[in-house]
Amino acid sequence: MADPNVHRSSTFAPVNIAVIKYWGKRDTALNLPTNSSLSVTLSQDDLRTHTTASCSPKFTKDELVLNDEDQDISGARTQACLRELRGLRKEVEAKDGSVPKLSGMALKIVSENNFPTAAGLASSAAGFAALVRAIADLYTLPSSPAELSRIARQGSGSACRSLFGGYVAWKMGTEKDGSDSAAYEVAPASHWPDMRALILVASAEKKDVSSTVGMQATVKTSELFNHRAEHIVPARMTAMEECIKDRDFATFADLTMKDSNNFHATCLDTSPPVFYMNDTSRAAVRVCEAINTRAGKAICAYTFDAGPNAVVYYIAENEGQVAGILKSILGGKMGWNSLQGRAVQAAEMPKGMEIAAEMLERGVSRIILTAVGDGPRRSEEHLV
Ligand SMILES: Nc1ncnc2c1ncn2[C@@H]1O[C@H](COP(=O)(O)OP(=O)(O)OP(=O)(O)O)[C@@H](O)[C@H]1O
Ligand SMILES: C[C@@](O)(CCOP(=O)(O)OP(=O)(O)O)CC(=O)O
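Predicted model only: the values in this text are computed from it and were never measured.

### Observations regarding the overall build of the protein
Counting its secondary structure elements, the protein contains nine helices and 16 strands. Rg of the C-alpha trace for the protein: 21 Å, near the compact-globule value of 21 Å for 384 residues, within the 12% margin. By its C-alpha atoms, the protein is 70 × 50 × 40 Å across when sized along the principal axes. Counting over 384 residues, the protein shows a buried share of 57%.

Laid out in structure tokens, this is it:
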């Protein structure tokens, strides 16, 4: 039976993959970005973090166990999240003397990612969103998802977008204290539910240059980066919000691919250069470009985070022409049955793609078929 002295709350939180990338901080302590960004939240049926936050007068120190391993939580980012959440709980306790004094108790947080951690699959985003949401629920905080996104942002910038489902923007804000740098919902998943994402996992290894380190090097050394932050991204944010509202996939795809390429160009323009894409990534770009050329319009969009994995967005009606062609190349890899049981039929590959296809076959270890999904979900399945 559960120990009545232990208070607990659990959450599932999703991953998000940006289509307008966050890259660069104007304040490293508060994780304030140099540009706004926009992402698609992916379905938790496929990729998710499950976190239980618990507290008890019997616990002696704060701890976080991730995938069965004790984590060091002394870092400033995790500490900032815990401090802010405890502060809000103190306000709840000050208003209502009858509620238990949870803010004074040590926390035990147990979390599991059902996908590789620190491998460019946005584990820090799902991880910090789940941590903040689970503690906020444990503390019964009245905070809105936008308020919680400001806290999660301090754990990892991209985490602020995982507090919402669907299509989510992170407004960079201008205030020095970060009070206006938070995420908001551009449109719920139900607005454009047929958005699909196929992830080509080119590497599940831990990457060499973390996002945090890579983006600071770019801010310091790339001139191209200033142009991106000041001119390119602001115009793209407006255009991207509009095409999401209009469900205009061709424009969505064009902006997504351009923004990924522009972000990776700033990585190349960094001294010394930072390489996240590899030969497998470039083969994925070639195959997607060939699919679009054959279709006569953009029916798929590739995007790459700080790693070689390709995320390919497309809409359900084009599944045959996008996922089908990729299946003709990668049919032997694991993961084709994950889209809620729907099978993808292999389709004929465009001509002239043989070399890129061979490269892709060699470099992709598995695929993940998924779709746009909703925001964090409370759960009664506890890990403590
Ligand atoms: N479930 C979790 N709970 C708390 N923290 C987590 C969780 N999952 C990951 N993290 C934190 O995020 C770190 C990994 O972040 P990192 O940015 O290196 O990789 P990533 O998020 O997988 O890749 P990317 O941000 O490039 O997509 C982990 O070392 C851990 O500190
Ligand atoms: C390329 C990206 O995925 C970078 C994500 O960076 P993080 O959010 O992992 O960085 P920190 O704020 O330092 O934790 C683009 C994006 O998700 O917008």
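### Some remarks on the site of ligand 2
The environment of ligand 2 is formed by 18 residues, the closest being Tyr22, Lys25, Ser156, Ser158 and Thr212. Between ligand 2 and the protein, one listed contact pairs an oxygen atom with a side-chain N or O atom of Arg161 at 2.8 Å. Across the complex, the protein chains shield 94% of the 460 Å² of accessible surface that ligand 2 would expose by itself. Counting atoms within 2 Å of the grid points, the majority share of ligand 2 lands in the largest pocket. No other element matches helix 4 (residues 211–221), which puts three residues into the shell around ligand 2. Split into classes, the residues belonging to the shell around ligand 2 amount to six nonpolar, seven polar and five charged. Two domains each provide a minimum of three residues to the shell around ligand 2, namely domain 1 (7–189) and domain 2 (195–371).

### Things to note about the environment of Gly352
For Gly352, the location among the structural elements is in the loop between helix 8 (319–330) and helix 9 (354–363). Note on Gly352: relative accessible area 57%, which makes it exposed. Sequence separation of Gly352 and Val287 is 65 residues, and the distance between their C-alpha atoms is 9.7 Å.

### Side note on the environment of Glu112
Structurally, Glu112 is set in strand 9 (residues 106–113). For the pair Glu112 and Glu69, spaced 43 residues apart in the sequence, the C-alpha separation amounts to 9.9 Å. What Glu112 contacts, discounting residues up to four positions off in sequence, is Arg48, Thr49, His50, Asn67 and Leu383.

### Section: the layout of surface pockets
Counted as a void, the largest pocket has a volume near 1200 Å³. Along the wall of the largest pocket there are 46 residues; nearest its centre are Arg77, Ser123, Ser124, Phe128 and Ser156. Of all the secondary structure elements, the ones that give two or more residues to the lining of the largest pocket are strand 2 (16–20), strand 6 (49–56), strand 7 (63–66), strand 8 (69–71), helix 1 (76–95), strand 9, helix 2 (123–138) and helix 4. Of all the elements, helix 2 adds the most residues to the lining of the largest pocket, at five residues. In terms of residue class, the lining of the largest pocket is made up of 15 nonpolar, 22 polar and nine charged. Built from parts of two domains, the lining of the largest pocket gets at least three residues from each of domain 1 (7–189) and domain 2 (195–371).

### What to know about the sheet that holds strand 9
Taken in spatial order, the six strands line up as 8-7-9-6-1-16 in an open sheet, and their pairing is mixed. Edge positions in the sheet fall to strand 8 and strand 16 (377–379), since each has one partner strand and no second. The mean angle between the axes of side-by-side strands here comes to 25 degrees, regardless of whether they run parallel or antiparallel. Bridge count between strand 1 (residues 7–13) and strand 16: three bridges; the pairing is antiparallel. Each residue of the ladder has a partner; that of Phe12, found in strand 16, is Arg377. Contacting strand 1, strand 6, strand 9 and strand 16, helix 2 runs over the sheet at an angle of about 145 degrees to strand 1.

### Comments concerning the domain arrangement of the protein
By a frequent convention, interface size equals the accessible area lost on bringing the separate parts together. According to the domain assignment, the protein consists of domain 1 (7–189) and domain 2 (195–371). The C-alpha-based centres of domain 1 and domain 2 are spaced at 26 Å. At the junction of the two partners, domain 1 supplies 33 residues and domain 2 supplies 47 residues. Around 3300 Å² of area is buried between domain 1 and domain 2 when both sides are counted, 67% of it from carbon and sulfur atoms. Taken together, the connections running from domain 1 to domain 2 amount to one salt bridge. With a shortest N-O distance of 2.6 Å, Asp305 and Lys21 are connected by a salt bridge. Our count for the domain 1 to domain 2 interface comes out at 10 residue pairs in polar contact (both at pLDDT 80 or more). Broken down by secondary-structure element, the contributors of at least two residues to the side of domain 1 that touches domain 2 are strand 2, strand 5 (37–41), strand 10 (167–170) and strand 11 (183–187). When the residues that make up the side of domain 1 that touches domain 2 are grouped by side-chain class, the tally is 19 nonpolar, nine polar and five charged.

Conventions and cut-offs
- Residue positions are counted from 1 within each chain, in the order its sequence is given.
- Numbering of ligands from 1 and lettering of chains from A proceed in the order in which they are written.
- It should be noted that, the model being predicted, local features are given only for residues of pLDDT at least 70 and side-chain atom pairs only at 80 or more, the latter also being counted only at that level, while totals for whole chains, interfaces and linings use all residues.
- As a rule here, side-chain values cover all heavy atoms of the structure and leave hydrogens and water aside.
- Segments assigned H or I by DSSP are reported as helices when at least four residues long, segments assigned E as strands when at least two residues long, and all are numbered from the N terminus.
- Our radius of gyration is a C-alpha quantity, and the globule rule it is checked against amounts to 2.2 Å times the number of residues to the power 0.38.
- When accessible area is computed with a 1.4 Å probe and restricted to protein chains, residues below 20% of their type maximum are described as buried, those above 50% as exposed, and intermediate ones as partly exposed.
- A cutoff of 4 Å decides nearness: a residue is near a molecule or strand if any of its heavy atoms lies inside that distance of it.
- What qualifies as a polar contact is a pair of N or O atoms within 3.5 Å, subject to a donor-acceptor requirement within protein and to the restriction that residues adjacent in sequence count only when both atoms come from side chains.
- Method for areas: the Shrake-Rupley scheme with a 1.4 Å probe, in which residue coverage is limited to the protein chains shown.
- Here a cavity means grid points, on a 1 Å grid over the protein atoms only, where a 1.4 Å probe fits yet cannot get out; a pocket means an open set of points with protein on both sides within 12 Å along at least five of seven lines; lining residues are those with an atom within 4 Å of a point.
- Cavity and pocket membership follows a simple rule, namely that a molecule belongs there if more than half of its atoms are within 2 Å of the grid points.
- Ten residues, namely Ala, Val, Leu, Ile, Met, Phe, Trp, Tyr, Cys and Pro, are considered nonpolar, four, namely Asp, Glu, Lys and Arg, are considered charged, and the remaining ones, Gly among them, are considered polar.
- What marks off one domain from the next here is an automatic or database domain assignment.
- Note on contacts: a residue pair is in contact if any heavy atoms of the two residues lie within 4.5 Å.
- Grid points are joined across faces, edges and corners, and a volume is the space filled by probe spheres set on the points.
- Each pair of strands is called paired provided DSSP finds at least two bridges between the two strands.
- An axis is simply a line fitted to the C-alpha atoms; with a helix, the fit covers only the stretch in contact. Between two such axes, the angle follows the N-to-C directions and lies from 0 to 180 degrees.
- Defined in terms of a 1.4 Å probe, buried area is the accessible area two parts forfeit on being brought together, summed over both.
- Each salt bridge in this description consists of a side-chain nitrogen of Lys or Arg and a carboxyl oxygen of Asp or Glu lying within 4 Å of one another.

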